[in-house]
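# What the coordinates show
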Amino acid sequence: MDIIDFANIPCTTGALEYLRKSDIGSNDLCTQAAFESIRSTGKERVLEALKDGAMKYRRFNKLAAEKELLAYPITRIIVSCINNNYLTKRYALAVARLSYEHIIELKIDALKELAADFGINITADSRNMNVVMHFTDYIHHAHVLHEPKWKLLNRTVEQGMLTISIGDLARLMEEAVRNKVELGLPHEVPQDIREALKTYISEVQEAINTRAGKQDFSREDFGEVVPDCFPTCISSAIADVQANVNLSHTMRFAMTTFLLNIGMKPEKITEIFRASPDFSEQDTNYQISHINGASGTTYTCPACATMATNGNCPGKAPMCKKIEHPLVYYRRKVWLENKKQVKKEYLEHQ
Ligand code: SF4
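Below or above, wherever it landed, is the structure these notes cover. Along each chain, the written sequence defines residue order, and numbers are assigned to residues from 1. A pLDDT threshold of at least 70 governs which residues receive local features in this predicted model, and a stricter bar of 80 or more applies before side-chain atom pairs are shown or counted, although totals over entire chains, interfaces and linings include all residues.

What follows deals with the overall build of the protein chain. Secondary structure elements follow DSSP: runs of H or I of four or more residues count as helices, runs of E of two or more count as strands, with numbering from the N terminus. Per the secondary structure count, the protein chain includes 17 helices and four strands. Since a compact globule built from 350 residues should have a radius of gyration of about 20 Å, the 23 Å found for the protein chain is in line with a globular shape. For the protein chain, the C-alpha atoms occupy an extent of roughly 65 × 55 × 35 Å along the three principal directions. Three classes are used. A residue is buried when 20 or more other C-beta atoms lie within 10 Å of its own, exposed when 12 or fewer do, and partly exposed in between, with C-beta atoms placed from the backbone. Each of the 350 residues in the protein chain was classed as buried or not, and the buried ones make up 32%. Look at the contacts in the protein chain between residues 6 or more apart in sequence, and 76% of them connect residues 24 or more apart. Both definitions apply: the radius of gyration is a C-alpha atom measure, and the globule rule equals 2.2 Å times residues to the power 0.38. Once C-beta atoms are placed from the backbone, any two residues with those atoms within 7 Å are in contact.

In this section: the packing of helix α12 (residues 232–242) against helix α13 (residues 249–261). Inter-axis angles, ranging from 0 to 180 degrees, are taken between N-to-C directions of lines fitted to C-alpha atoms, where helices are fitted over the stretch in contact. At a closest axis distance of 10 Å, the pairing of α12 and α13 adopts a crossing angle of 110 degrees. Classed by the angle they form, the pair α12 and α13 counts as roughly perpendicular. Where α12 crosses over α13, the two elements pack in a sense that is left-handed. Together, I234, A237 and I238 of α12 and M251, M255 and F258 of α13 make up the contact between the two elements. Asp, Glu, Lys and Arg are counted as charged, while Ala, Val, Leu, Ile, Met, Phe, Trp, Tyr, Cys and Pro are counted as nonpolar; the rest, among them Gly, fall into the polar class. Tallied by class, the residues present in the contact of α12 with α13 amount to six nonpolar, no polar and no charged. Roughly parallel means an angle under 35 degrees; roughly antiparallel, over 145; roughly perpendicular, 65 to 115; everything else is oblique. By convention, the crossing between two helices is left-handed when the near helix turns anticlockwise from the far helix through less than a right angle, and right-handed when the turn is clockwise.

Below you can see the structure in the form of structure tokens.
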């Protein structure tokens, strides 16, 4: 892989190594006037990701590719400093989509190198334009894709190996890129770097605020519901939906039951799903009313153990260690917040 590949798939080991060996240090990149256009490019890419959930696929020459790659750490610093769940997911999605555009055009040797970087060993199937991989590598990356074609049952496995098209491999890699970028954010940013980039950070923050102001789905839409008290599993699923990331069926069910169980109106839940890439109003309304008891059974949000089994439990909050159900988390958090508020009001009237 070369600099043009690195500029389009910037989270690879090769790209990071290239940046590490570059004569331009990250401090200089953030502070020196000579690199102002690179900082601007970084900010523009973050704004692009925020606006479209994608970055335009640009066919770079080597010089432009190097500039683009240098802008990558700037984008990560801006996203880290803002530390907004929605922006992080949207940015990771945009980097992944851009990578897909490039991966789909890679020659087999570069594809092999890239796949190996993500822990997948592939060989070219000499009979056609497909690639062959071990089924465990396939499951490791395909389990997050929910259309039926990704189920192992719908693939032919021979002696532990299966064959997929280059297009499907690119889709698997897209998901791997999204995951890698998202997991690495936010990272620590020293105060002097924050200071040096503050105008770029403010501009992106302002774009987020403007967008939040325009959103169909706002804090008031939750009614009596208190979104700040949602456990991470639910708030991160809502952020995923808003960032245009498809939810798994199990997470979709968990989020819907949770919101219904705490009293949110079905039409407000439909509004949350509206940003979903595969949104269909009719199907969504049907599923919500089914879960809400239209067929005689009212469903309850799954317990934490089931959430963990289904891969839907990030479980990072300290309170998660003390509870066994997302609804208990929510009720306890609401109770604690109310108690804090009462205490505050009491102290104010002393
Ligand atoms: S431990 Fe329970 S409440 Fe906490 S994130 Fe996991 S599923 Fe959600």
